[in-house]
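Understanding the architecture of this molecule
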Amino acid sequence: MNLVERIKGILLQPKAEWSAIESEPGDAGYLFPNYVAIVAAIPAVCTFIGTSIVGYGGYRIGIGLGLVRAVVVYALSLAGVFVVAYIIDFLAGTFGARKSPENAMRVSAYAPTAAWIAGVFNIIPALAFLGILGLYSLYLLHTGIVALMKPAPDKAVLYTIAVIVCAIIVWVVIFGITALLFGV
């Protein structure tokens, strides 16, 4: 797998890319070192640069605190991928989808690509609002669920919504932990 081609494919032609993804290894041992660990680092690194080096309105956090914060956010993001994969697989039976931990991991690993790439805007804190472009990941989640989990056609949207609600809860907890630890 070529990382740049995969990112381009999942962002620009997601339906075709999910077909290619389905035939590749779906275990965490393959996906994490080859994709998730690299792409998930983008927002953490860019936020570190933006908050500790560039700053906003003359305010910067210290490099040590910024580095620790980046590592914690990165680690929690990786954990979030595992939790969301479990949720996708757990909810599969409820919506007439096939249970497949491997496909659930594939969806959980590749769907947040847009949000991770949008994290590049955090380098310049004044542009961080453009991170809203990462909402495209919700569409990627839906197309991934349809392509890989194969829910009943009349339940695909409800399945996606249920996963989104659960994922929002997971990310609120993750960002809540970060806020408690760092007050940001």
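Structure's up top.
To start, this report covers the structure provided alongside it. Being a predicted model, the structure only gives us computed values, none of them experimental.

Within the protein chain, the secondary structure is distributed over nine helices and zero strands. If you list the helices and strands of the protein chain from N to C, you get α-α-α-α-α-α-α-α-α. For the protein chain, whose C-alpha radius of gyration is 17 Å, the value lies close to the compact-globule estimate of 16 Å for 184 residues. Classification of the 184 residues of the protein chain by burial places 43% in the buried group. As displayed, the protein chain offers around 9,100 Å² of accessible surface, 74% of which is attributable to carbon and sulfur atoms. Side-chain charges in the protein chain split into 10 positive and 8 negative, and the spacing between the mean points of these groups amounts to 7 Å.

Right, let's talk about the packing of helix H3 (residues 28-39) against helix H5 (residues 63-92) for a bit. Close contact between H3 and H5 brings their axes to 12 Å; oriented N to C, the two are set at 135°. With respect to H5, the axis of H3 lies oblique. Crossing handedness for the pair H3 and H5: right-handed. In contact with Ala28, Phe32, Val36 and Ala37 of H3, H5 contributes Tyr74, Leu78, Val81 and Phe82. For the contact of H3 with H5, the per-class residue count stands at eight nonpolar, no polar and no charged.

Residue position: Ala70 is located in helix H5. Relative accessible area serves as the criterion here: at 12%, Ala70 is assigned to the buried category. Each C-alpha atom, one on Ala70 and one on Ala114, is 19 Å from the other, the two residues being 44 residues apart in sequence. Residues contacting Ala70, with those up to four places away along its chain left out, are Ala44 and Phe48.

Glancing now at the side chain of Thr143. Residue position: Thr143 is located in helix H8 (residues 136-149). Separated by 2.9 Å, the side chains of Thr143 and Trp18 make a polar contact. When sequence neighbours within four positions are dropped, the list of residues in contact with Thr143 reads Pro14, Lys15 and Trp18.

On to the packing of aromatic side chains. Summed over the entire model, instances satisfying the criterion amount to seven aromatic pairs. Through successive ring pairs, a cluster of aromatic residues spans Trp18, Tyr35 and Tyr110. It is Arg6 that lies over the ring of Tyr110; its NZ or CZ is 5.2 Å from the centre.

Another aspect to go through is the nonpolar core. One finds Tyr35, Val36, Ile88, Leu141, Met149 and Tyr159 to be the most contacted residues of the largest nonpolar core, which totals 40 residues. Breaking this core down by element, the ones donating at least two residues are helix H1 (3-12), helix H2 (14-22), H3, H5, helix H6 (101-110), helix H7 (113-118), H8 and helix H9 (156-182). Leave out the neighbours within four places in its chain, and Leu141 touches Ile88, Val107, Ala111, Thr160, Val163 and Ile164.

Time to look at the pattern of salt bridges. This model, assessed by the stated rule, comprises five salt bridges. Between Arg6 and Glu17 there is a salt bridge whose closest N-O contact spans 2.5 Å. Linking Arg6 in helix H1 with Glu17 in helix H2, this pair joins segments that are 11 residues apart in sequence. Accessibility expressed as a relative area gives 14% for Glu17, which makes it buried. The partner of Arg6 in a salt bridge is Glu24, with the nearest N and O atoms 2.7 Å apart. Placement of Arg6 in helix H1 and of Glu24 in the loop between H2 and H3 is noted, with a sequence separation of 18 residues between them. In terms of burial, Arg6 and Glu24 fall into one category: buried. Bridged by salt links that share partners, the residues Arg6, Glu17 and Glu24 form one connected network.

Rules used throughout
- Residues numbered from 1 in each chain as written.
- Predicted model: local features only at pLDDT ≥ 70, side-chain atom pairs only at ≥ 80, totals over all residues.
- Heavy atoms only, no water.
- Helix = DSSP H or I, 4+ residues; strand = E, 2+ residues; numbered from the N terminus.
- Rg over C-alpha atoms; globule rule 2.2 N^0.38 Å.
- Buried < 20%, exposed > 50% of the residue type's maximum accessible area, 1.4 Å probe, protein only.
- Areas by Shrake-Rupley, 256 points an atom, 1.4 Å probe, with all protein chains shown as cover.
- Lys, Arg positive; Asp, Glu negative; His and termini not counted.
- Charge placed at Lys NZ, Arg CZ, Asp CG, Glu CD.
- Axes fitted to C-alpha atoms, helices over the stretch in contact; angles between N-to-C directions.
- Parallel < 35°, antiparallel > 145°, perpendicular 65-115°, else oblique.
- Left-handed = near helix turned anticlockwise from the far one by under 90°.
- Contact = heavy atoms within 4.5 Å.
- Nonpolar A, V, L, I, M, F, W, Y, C, P; charged D, E, K, R; others polar.
- Polar contact = N/O pair within 3.5 Å; in protein donor to acceptor, adjacent residues only side chain to side chain.
- Phe/Tyr/Trp six-rings, centres within 6.5 Å; stacked < 30°, edge-to-face > 60°.
- Lys NZ or Arg CZ within 6 Å of the ring centre and 35° of its normal.
- Core = buried A, V, L, I, M, F, W, Y, C linked by side-chain atoms within 4.5 Å.
- Salt bridge = Lys/Arg side-chain N within 4 Å of Asp/Glu carboxyl O.

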